[in-house]
Amino acid sequence: MGLTIGVDIGGTKIAAGVVDEEGNILSTFKVPTPGTPEGIVDAIASAVEGARAGHEIIGVGIGAAGYVNRQRSEVYFAPNIDWRNEPLKEKVEARVGLPVVVENDANAAAWGEYKFGAGKGHRNVICITLGTGLGGGIIIGNKLRRGHFGVAAEFGHIRMVPDGLLCGCGSQGCWEQYASGRALVRYAKQRANATPERAEVLLALGDGSPEGIEGKHISVAARQGDPVAVDSYRELARWAGAGLADLASLFDPSAFIVGGGLSDEGELVLDPIRKSYKRWLVGGNWRPVADVIAAQLGNKAGMVGAADLAREPDPIM
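Residues numbered from 1 in each chain as written. Predicted model: local features only at pLDDT ≥ 70, side-chain atom pairs only at ≥ 80, totals over all residues. Heavy atoms only, no water.

## Digging into the overall build of the protein
Across its full length, the protein holds nine helices and 13 strands. The principal-axis extent of the C-alpha atoms belonging to the protein is close to 60 × 50 × 35 Å. Intrachain contacts of the protein at a sequence separation of at least 6 include 62% that bridge at least 24 residues. Here the protein contributes 32 positively and 37 negatively charged side chains, and the mean placements of these two sets differ by 4 Å. (Helix = DSSP H or I, 4+ residues; strand = E, 2+ residues; numbered from the N terminus. Contact = heavy atoms within 4.5 Å. Lys, Arg positive; Asp, Glu negative; His and termini not counted. Charge placed at Lys NZ, Arg CZ, Asp CG, Glu CD.)

Right, here's the structure in full:
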């Protein structure tokens, strides 16, 4: 069907990549992420033009963090960019002269993993991304499911704890407040403050205070057996696994694919997530249990998925 371009809008850079039908990235072009909505549109166009040089391109897929309408044309709302009912498809098409589709970035990453990564061979998978926050995507019957309005799979904002911790979305008790990179750092700081004698390795990696703990410190300390770091991962995994058990009751997938930055820790995070998932899965001792597996494409998943979805006339239901 031809080459397409996938665009990944990050906090510091916008990356565009030419992707073939097998999910291979042939070339990339990156530009800094501007601070204004219109500047971001211009930067997307610049990245696309830079990536397309020397290639015949048939379409562009953009992965955007936010609520995207079902027509794949408009961003209803973006948490980190001042986009409100932003006609992103129309604006980018006018600049690049190519057909454009807009996808939620987590949906794009889920599609990439399903088609070219850890989800190959599965028809029904649920993807979650454990990064700074928590996102996800639903593939049922080989189709990306976005719901009637296009904004399904916002798993991070499922309310796990009524009247719980305040979330950046304005609600309370959202799943991502308990299972995310931010949550992991909070757990470590709280535990190190309460029992510093159990966090000697962890504290030494920072400035010696609980406030100086960063995510990278927790990873290193946990691998060295630091009790507070290990306990912090277990607490995150407890919440992540409990949420997967709820999603299993809703979707009954054959596999959960865990991506995002935290999945880079491998079995350090995946093993306790599996244990928590099985602990909270209703009827888990008697029913088939979905696999919980690591994503394979890393930070390329969103670009590859967005590019592939640009080939589809309307794969979303």
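## Considering the domain arrangement of the protein
Taken domain by domain, the protein holds domain 1 (2-108 + 298-309) and domain 2 (121-294). When each unit is reduced to the centre of its C-alpha atoms, the spacing between domain 1 and domain 2 is 27 Å. For the domain 1 and domain 2 pair, buried surface summed over both sides reaches about 940 Å², with 48% attributable to carbon and sulfur atoms. Area buried by domain 1 at its contact with domain 2 is led by Tyr 67, Arg 70 and Asn 107, which between them contribute 55% of it. At the junction of domain 1 with domain 2, the criterion picks out one salt bridge. Elements with a minimum of two residues in the side of domain 1 that touches domain 2: β5 (67-68), β8 (100-104) and α3 (105-116). Taken together, the residues of the side of domain 1 that touches domain 2 break down into five nonpolar, four polar and three charged. (Domains from an automatic or database assignment. Buried area = accessible area lost by both parts, 1.4 Å probe. Salt bridge = Lys/Arg side-chain N within 4 Å of Asp/Glu carboxyl O. Nonpolar A, V, L, I, M, F, W, Y, C, P; charged D, E, K, R; others polar.)

## A short note on the side chain of Glu 86
Here Glu 86 lies in strand β7 (residues 84-86). Residue class for Glu 86 comes out buried when judged on its relative accessible area of 8%. Among the polar contacts listed, one links the side chain of Glu 86 to the side chain of Lys 91, at a separation of 2.9 Å. Discounting residues that sit within four places of it in the chain, Glu 86 has contacts with Glu 38, Val 41, Ser 73, Glu 74, Val 75 and Lys 91. (Buried < 20%, exposed > 50% of the residue type's maximum accessible area, 1.4 Å probe, protein only. Polar contact = N/O pair within 3.5 Å; in protein donor to acceptor, adjacent residues only side chain to side chain.)

## Digging into the pattern of salt bridges
Pairing is possible between side chains that carry opposite charge, provided their charged atoms lie close to one another. Counted by the stated rule, this structure contains 20 salt bridges. Put simply, Glu 38 and Lys 91 hold a salt bridge, and the shortest N to O gap is 2.6 Å. Of this pair, Glu 38 sits in helix α1 (residues 37-52) while Lys 91 sits in helix α2 (residues 88-96), and the two are 53 residues apart along the sequence.

## Let's talk about the packing of helix α7 (residues 227-251) against helix α8 (residues 267-280)
Packing of α7 against α8 brings their axes to within 7 Å, and their N-to-C directions diverge by 50°. Classified by the angle their axes make, α7 and α8 are oblique. Read as a crossing pair, α7 and α8 show a hand that is right-handed. Residues Tyr 233, Leu 236, Ala 237, Arg 238, Ala 240, Gly 241, Ala 242, Leu 244, Ala 245 and Ala 248 of α7 form the contact with α8, whose own contacting residues are Leu 268, Val 269, Pro 272, Ile 273, Ser 276, Tyr 277 and Trp 280. Taken together, the residues of the contact of α7 with α8 break down into 14 nonpolar, two polar and one charged. (Axes fitted to C-alpha atoms, helices over the stretch in contact; angles between N-to-C directions. Parallel < 35°, antiparallel > 145°, perpendicular 65-115°, else oblique. Left-handed = near helix turned anticlockwise from the far one by under 90°.)

## Focus: the nonpolar core
One broad trend across soluble globular proteins is that nonpolar side chains are buried collectively. Among the nonpolar cores identified, the biggest contains 45 residues, and Phe 155, Ile 218, Leu 244, Phe 256 and Tyr 277 are the most heavily contacted of them. Among the elements of the structure, β9 (125-130), β10 (134-140), α4 (181-194), α5 (200-205), α6 (215-223), α7, β12 (255-259) and α8 are those that each provide at least two residues to this core. Residue contributions to this core peak at eleven residues, all from α7. Filtering out sequence-adjacent residues up to four positions away, Phe 155 remains in contact with Ile 126, Cys 127, Ile 128, Leu 134, Gly 135, Gly 136, Gly 137, Ile 138, Trp 175, Leu 247 and Phe 251. The next biggest cluster of nonpolar side chains, apart from the first, holds 31 residues, and it includes Val 7, Ala 43, Val 100 and Val 102. (Core = buried A, V, L, I, M, F, W, Y, C linked by side-chain atoms within 4.5 Å.)

## Looking at the side chain of His 217
Within the secondary structure, His 217 is located in helix α6. When residues no more than four places from it in sequence are discounted, the contact partners of His 217 are Leu 202, Leu 205, Gly 206 and Gly 212.

## Description of the environment of Asn 69
Along the chain, the position of Asn 69 falls in the loop between β5 and β6 (75-77). For Asn 69, a relative accessible area of 5% puts it in the buried group. In this structure the C-alpha to C-alpha distance between Asn 69 and Pro 79, which are ten residues apart in sequence, comes to 15 Å. In contact with Asn 69, other than residues within four places in its own chain, are Glu 74, Tyr 76, Arg 146, Phe 149 and Gly 150.

## Things to note about α6
Buried residues of α6: His 217, Ile 218, Ser 219, Ala 221 and Ala 222, and no others. Along its buried surface, α6 packs onto α4, α5, α7 and α8.

## A short note on the sheet that holds β12
Backbone-to-backbone hydrogen bonds pair the strands of a sheet. The strands run either parallel or antiparallel. Judged by pairing direction, the sheet is mixed, and its five strands sit side by side in the order β11-β10-β9-β12-β13 without closing on themselves. Whereas interior strands pair on both sides, the edge strands pair on one side only; in this sheet they are β11 (143-144) and β13 (291-294). Alignment of β12 against β13, held across four bridges, turns out to be parallel. In the sheet register, Ile 257 faces β13, and the bridge partner there is Ile 293. Its contacts with the sheet put α8 on β9, β12 and β13, and the angle it makes with β13 is roughly 160°. (Pairing = 2+ DSSP bridges.)

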